[in-house]
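# Residue-level structural notes
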Amino acid sequence: MPPVPDPTPGGDDAAFRRGLLRGMLLQRRFEERCAEAYALGKIGGFCHLYIGQEAVSTGIMSCLRPDDYVITTYRDHGQALARGMTARTVMAELFGRADGCARGKGGSMHLFDRSLGFLGGHGIVGGHIPIATGVGFAVKYRGSDQVCVCFMGEAAVNNGAFHEALNMAGLWKLPVVYVIENNRYGMGTAIERAAAINDIYERGAAYNVPRAVVDGQDVFAVREATLEALGRARTDHLPTLLEVRTYRFMGHSMSDAVSGTYRSKAELDEHLKRDPIALLRAALHEAGELTDADVQAMDAELKAEVQDAWDFADASPEPPLEALFEDVLVDTTSDGRAA
Amino acid sequence: MAILTYRDALNAALREEMQRDDRVFLMGEEVGVYQGAYKVSKGLLQEFGEMRVVDTPITELGFAGVGVGAAMVGLRPVIEFMTWNFALLALDQVVNAAAKMLYMSGGQFPMPMVFRGPNGAALQLGAQHSQAWEGWLTHIPGLKVVAPGTPADAKGLLKAAIRDDNPVIVLEGEMLYNMKGEVPDGDHVVPLGRAEVKREGTDVSIITWGKMVNVALQAAGQLAQQDVRAEVLDLRTLRPMDTAAVLETVAKTNRAVVLEEGWEVCGFGAQVADVIQREAFDHLDAPVLRVHQADVPMPYAKNLEKAAKPDAAKCVAAARRVLYLDR
């Protein structure tokens, strides 16, 4: 589905708000089917689900311009959909087929779409953060007012690459919004066991970077914080370190238990009470903008959309064997001629 | 034709390419205000300004990644590592990002960028400042690797590297920067992937690159006095290697010595030797011998360092062995 249109600051439009719910619910239904596909062997390798964090992706993407940039981690399905990649192209990539967004060459962790400024899908924790700083550098080099949004987990902030990247962003004043999706666990390690300081946004002080923390299960709060950061980036060319507190309802990946190992079922159940989709649904219901029937109809459409994506992916051929050797190098030079 | 130092040849290449294409910028430690740690970027900050000649903090991983990001969205970065020894810290960006981005994105993100800096040993710099990195870097599909050994090739290959739409590794040398040589006037570009015979011969092929080209030429001069006519083939580009040129010289002389400044095990010379034995076995009249550094971290003491390094005498000895003049 296309990105939510017209990012109205404050979102005063009921249709716009329903669009937010739709975007979040699409991600939820998509990820649920991914779990099923993985169990059936249609998706291989690593598969990291975004369930529980949908307000973060939808909230942030709903504020961006088409010419902004997004770069993220391997937990990228939700963000890809929220940015406007189709369920078909993402599912086909997960199934390793030729019609996938990376022609089956990337897989779950490496979703890319140049036309949407979606710069991947990266597998090395922290590795993409300096890349985001570089995108911000390029924006400033060109004198543009685009912004780069860089998603990361809270465990990445202990990595050297984070430190180097943030220092340069603060030093050179670059238009990058660094979004920490703090879901409290870096794989199996709780933040208290990994980070000397747990209020992660405070690290921005080390780099002279403006910072904030926000409830990531509240899509309106996420939007408000994002719009502020975007304004700062476009007008003042200043970065922001935005800590978004959220929770993942599934394990780290499909190989990881949902609960009972490093986090208790009781803790998970507590967090399930703040399901971002349920919260938004309740808010819209209370405001009289949405009925149960509306939600059922929306859900049925989205389930059909995901089923269509599944069928599309299943029907898409595997990449041809020649594709093995394609796209290692390009044979062009800056003159536009062949090398 | 002008006589330029290798340093000034690189400087000219950078200047000309930055004048030609305003997407090209230089980034690294001390490249701007300091005029370059080895003065390769002298005068560039004054001409192009601080947005195009960017001094960085000491953060190789960070600024290599900055280059990757800039290249992803259409700029053409030249990332300077003060020496390739420090680039070890940045290899996640060079290998996992720059080299692999085009492939894993299904062809969406070409990476038009250059990573350059001095490679290998200088004089008594010690173990951590003396390593030759071509063995590690040529291993990676998605990278191109060049090692100019003369001022003309330095200018020509750097210009070609900057214009290439792929990530290109340029391996220079502290010991090469002062070297003088003839450099053609005008827009001198040396195509990637083409070796060059630097000295013709008939009796044995010495195949080499970078700093060792000069050593090979010295060895060839000594061999000539021993009535041995050695051909020196300068690979210039390591990846993609000019296999045709390698096979042509071996077909001509039937004997090969591969001379490199790095270590033996899995050094790039091993790849050259494998290509020769695989594709030119029937042309060989002797095994392929390799000349390389002793299998030790580089020592500081002058005499030990000299003993560790390959030199003309060791190259001559290897040539005489493949000719069965000596055992």
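Placed above this text is the structure.
Because the structure is a prediction, the values reported are computed rather than measured. (Residues numbered from 1 in each chain as written. Chains lettered and ligands numbered in written order. Predicted model: local features only at pLDDT ≥ 70, side-chain atom pairs only at ≥ 80, totals over all residues. Heavy atoms only, no water.)

A tally of regular secondary structure across chain A gives 10 helices and 8 strands. In terms of overall size, chain A behaves like a compact globule, its C-alpha atoms giving a radius of gyration of 20 Å where 339 residues would be expected to give roughly 20 Å. With the C-alpha coordinates of chain A rotated into their principal frame, the extents come out at 50 × 50 × 45 Å. Buried residues in chain A amount to 55% of all 339 residues. A fraction of 74% describes how many contacts in chain A between residues 6 or more apart in sequence connect residues 24 or more apart. About 13200 Å² of surface is accessible on chain A, with carbon and sulfur atoms providing 53% of the total. For chain A, the centre of its 34 positive side-chain charges and the centre of its 47 negative side-chain charges are spaced 2 Å apart. (Helix = DSSP H or I, 4+ residues; strand = E, 2+ residues; numbered from the N terminus. Rg over C-alpha atoms; globule rule 2.2 N^0.38 Å. Buried < 20%, exposed > 50% of the residue type's maximum accessible area, 1.4 Å probe, protein only. Contact = heavy atoms within 4.5 Å. Areas by Shrake-Rupley, 256 points an atom, 1.4 Å probe, with all protein chains shown as cover. Lys, Arg positive; Asp, Glu negative; His and termini not counted. Charge placed at Lys NZ, Arg CZ, Asp CG, Glu CD.)

Further remarks concern empty space enclosed by the protein. One water molecule sets the probe size; rolling that probe over the atoms shows where empty space is left. Residue and element names in this part refer to chain B. Taken as a whole, this structure holds 4 cavities of 30 Å³ or more when the rule is applied. The computed volume of the second largest cavity comes to approximately 70 Å³. Residue lining of the second largest cavity: Asn119, Glu134, Ala147, Pro148, Leu171, Glu172, Leu176, Trp209, Gly210, Lys211 and Glu261, and that is the complete set. Grouping the amino acids of the lining of the second largest cavity by side-chain chemistry returns 5 nonpolar, 2 polar and 4 charged. (1 Å grid on protein atoms, 1.4 Å probe; cavity = no way out; pocket = protein on both sides within 12 Å on 5 of 7 lines; lining within 4 Å. Points joined across faces, edges and corners; volume = space filled by probe spheres on them. Nonpolar A, V, L, I, M, F, W, Y, C, P; charged D, E, K, R; others polar.)

Attention shifts here to the packing of helix 4 (residues 87–94) of chain A against helix 10 (residues 292–315) of chain A. All names here are of chain A. It is the contact of helix 4 with helix 10, at a shortest axis distance of 8 Å, that shows an interaxial angle of 45°. By the angle class used here, helix 4 and helix 10 are oblique. In this structure, helix 4 meets helix 10 at a crossing whose hand is right-handed. Here helix 4 contributes Ala87, Arg88, Met91 and Ala92 to the contact with helix 10, which in turn contributes Glu305, Val306, Asp308, Ala309, Trp310, Phe312 and Ala313. When its residues are assigned to classes, the contact of helix 4 with helix 10 shows 8 nonpolar, no polar and 3 charged. (Axes fitted to C-alpha atoms, helices over the stretch in contact; angles between N-to-C directions. Parallel < 35°, antiparallel > 145°, perpendicular 65-115°, else oblique. Left-handed = near helix turned anticlockwise from the far one by under 90°.)

By secondary structure assignment, the location of Asp113 of chain A is in the loop between helix 4 and strand 2 (118–121). Excluding residues within four positions of it along the chain, Asp113 of chain A makes contact with Met85 and Phe118 of chain A together with Gln108 of chain B.

With that settled, the discussion passes to the layout of surface pockets. Residues and elements named next belong to chain B. Size it by volume and the largest pocket reaches roughly 500 Å³. Only helix 8 (212–225) and helix 11 (302–308) provide two or more residues apiece to the lining of the largest pocket. Sorting elements by how many residues they give to the lining of the largest pocket places helix 8 first, with 4 residues. Of the residues contributing to the lining of the largest pocket, the split by class is 10 nonpolar, 3 polar and 7 charged.

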